[in-house]
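Understanding the architecture of this molecule
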Amino acid sequence: MSKRLLMFSLILTLLFNCSFTKKPEFVRLENIEVIDSNSKTITIRADALFLNKNDVGGTLKTDDLKVYLNDLELASVISDEFDVPRRKNFTIPLTVKVATASLTSDKNLGSLLGSLLTQSLKLHYKGAIKYKIMGYSSTYTVDEIQDVKIKF
């Protein structure tokens, strides 16, 4: 009986001493850039930087994140779940390919021509990244705007 009590106490001690009640901290989006542009597609990439102070990991999913180009909605970022490492900084890549044909409607043409002349795009990532661990879930709000240079 004392072995069971000892094991039970050990498990409770480990559970209460491990920190996993706080979600990882979303720090910022960084390295936002156009990584490829040609006559058919524009590929945009950003890294979402997080800090996990917990003793356990979890997963992150980016289903509700949208990308806007010069205030026009272009695409949604949908990806696989990312494993969250324990007790460290980490990044998850957010990559979107946009068909240039979607930019050439009458509504988008003026904005696109202005961007081509200045060789600069205003990228806006807006939406949510979801964190899950052991039945607990939480959502991060993302609202980042950055001007990036394009090269043709």
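Preceding this section is the structure that the text describes.
Residues numbered from 1 in each chain as written. Predicted model: local features only at pLDDT ≥ 70, side-chain atom pairs only at ≥ 80, totals over all residues. Heavy atoms only, no water.

1. As for the pattern of salt bridges
Let me state the cut-off plainly: Whenever a carboxyl oxygen of Asp or Glu lies within 4 Å of a side-chain nitrogen of Lys or Arg, that contact is scored as a salt bridge. When a residue's accessible area, from a 1.4 Å probe over protein chains only, is under 20% of the maximum for its type it is buried; when over 50% it is exposed; and in between it is partly exposed. Counting from the N terminus, the helices are DSSP H or I runs at least four residues long and the strands are E runs at least two residues long.
What the rule picks out here adds up to 4 salt bridges. A salt bridge links R28 to E30; the shortest N-O distance between them is 3.2 Å. Here R28 falls in the partly exposed class, since its relative accessible area comes to 38%. Of the charged contacts, one joins K132 and E81 as a salt bridge, the two residues approaching to 3.8 Å between their closest N and O atoms. On the criterion of sequence distance, the pair formed by K132 in strand β7 (residues 120-133) and E81 in the loop between β4 (72-77) and β5 (82-83) is long-range, its members being 51 residues apart. Given a relative accessible area of 42%, K132 falls into the partly exposed group.

2. A few points about unusual backbone geometry
Residues other than glycine seldom take positive phi values, yet N31 does so here, at roughly 55°. Its place among the elements puts N31 in strand β1 (residues 25-37). Backbone geometry places R87, a non-glycine residue, at a positive phi of 45°. Following the sequence through the fold, R87 ends up in the loop between β5 and β6 (88-99).

3. Considering the packing of aromatic side chains
Filter applied, for reference: Ring pairs shown here join Phe, Tyr and Trp side chains whose ring centres sit within 6.5 Å, with only the six-membered ring taken for Trp; geometry is labelled stacked below 30 degrees between planes, edge-to-face above 60, and tilted in between.
Tallied over the entire structure, the rule returns 4 aromatic pairs. Aromatic side chains F50 and F90 sit 5.3 Å apart centroid to centroid with 10° between the ring planes, which places their arrangement in the stacked category. With F50 in strand β2 (residues 41-52) and F90 in strand β6, the pair connects residues that are 40 residues apart, well separated along the chain. One aromatic cluster in this structure is built from F26, F50, F90 and Y140.

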